[in-house]
Amino acid sequence: MFRFKQFAVRQDRCPMKVGTDGVLLGAWAEVRPGDRRMLDVGTGTGLIALMLAQRSAAWITAVDIDVECATQAAENFAASPWADRLDAVSVAVQRYDPVEKFDLIVSNPPYYVDSLLSPDEGRNTARHAAGLPFGELAAAVVRLLSPGGRFALVLPPVEMQRFRSAALGRLYPVRWTEVCSTPRRGVRRILAEFCTTPVPAPEPARLIIELGGPDSYTEDYRRLTGDFYLKF
């Protein structure tokens, strides 16, 4: 079990465990006071949905094609302080057809394209983009976003460029943060937020996680994740 300040996450039945990528996205995605409905695509343990529930008063739906993940997310939701406005559904987002659309959609999607498959089918689903190609993800987001809605996701740099190419002409970046482990290392992840209306490309921001020594987390990282991690 992974414990945060206001909730805990059981993860024994999910191929992909709690990690920095999910925490970054759950803390970074913009939450607006008027947001009524949110969607977490490929929820896994339900981590990002739980973080959004802590940060907002919205109704949050979490979808995952893996039945075990959706079941574990539902159990984590039920044990949280926000059980009455969290829902987990086992369905591929390509086939998901809700009654209402969403003000915010988030995803920490599978992104491996060229790497070898694992003998573990569940881990393949969680890690490889074969089950959720970027073009299909972009199409689902456009279909499910409400007017003025946003889509936030986290990906490595090469995969983010692949996603942008797949979403070209349909989704336009409005926020862009490059994440580095330390000042001397290159960009490890990109946090990006998109909308469906053409807008000028944003100026990239930079987030450095730590300075390189023991317990050397930067103030920016502490400020971003401080409402969640017990260590802060």
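Residues numbered from 1 in each chain as written. Predicted model: local features only at pLDDT ≥ 70, side-chain atom pairs only at ≥ 80, totals over all residues. Heavy atoms only, no water.

Chemist: Looking at this structure, I do not really get the overall build of the protein. What am I missing?
Modeler: Of regular secondary structure, the protein possesses 7 helices and 10 strands. Since a compact globule built from 232 residues should have a radius of gyration of about 17 Å, the 17 Å found for the protein is in line with a globular shape. In terms of overall dimensions, the protein has C-alpha extents of about 50 × 45 × 40 Å along its principal axes. Relative to its full complement of 232 residues, the protein shows a buried share of 50%. Considering only contacts in the protein between residues 6 or more positions apart, those separated by 24 or more positions represent 69%. When the accessible surface of the protein is split by element, carbon and sulfur atoms take 51% of a total near 11,000 Å². On the protein, the mean spot of the 28 positive side-chain charges and the mean spot of the 27 negative ones are 3 Å from each other. (Helix = DSSP H or I, 4+ residues; strand = E, 2+ residues; numbered from the N terminus. Rg over C-alpha atoms; globule rule 2.2 N^0.38 Å. Buried < 20%, exposed > 50% of the residue type's maximum accessible area, 1.4 Å probe, protein only. Contact = heavy atoms within 4.5 Å. Areas by Shrake-Rupley, 256 points an atom, 1.4 Å probe, with all protein chains shown as cover. Lys, Arg positive; Asp, Glu negative; His and termini not counted. Charge placed at Lys NZ, Arg CZ, Asp CG, Glu CD.)

Chemist: Would you take a moment to explain the packing of helix H5 (residues 134-144) against helix H6 (residues 157-166) for this structure?
Modeler: Working note: a packed helix pair is described by the angle between its axes plus the distance between those axes. It is the contact of H5 with H6, at a shortest axis distance of 8 Å, that shows an interaxial angle of 55°. With respect to their mutual orientation, H5 and H6 come out oblique. Like other packed secondary-structure pairs, H5 and H6 cross with a definite hand, here right-handed. Only Glu159, Arg162, Phe163 and Ala166 of H6 make contact with H5, whose side of the interface consists of Phe134, Gly135, Leu137 and Ala138. Residues that form the contact of H5 with H6 fall into these classes: 5 nonpolar, 1 polar and 2 charged. (Axes fitted to C-alpha atoms, helices over the stretch in contact; angles between N-to-C directions. Parallel < 35°, antiparallel > 145°, perpendicular 65-115°, else oblique. Left-handed = near helix turned anticlockwise from the far one by under 90°. Nonpolar A, V, L, I, M, F, W, Y, C, P; charged D, E, K, R; others polar.)

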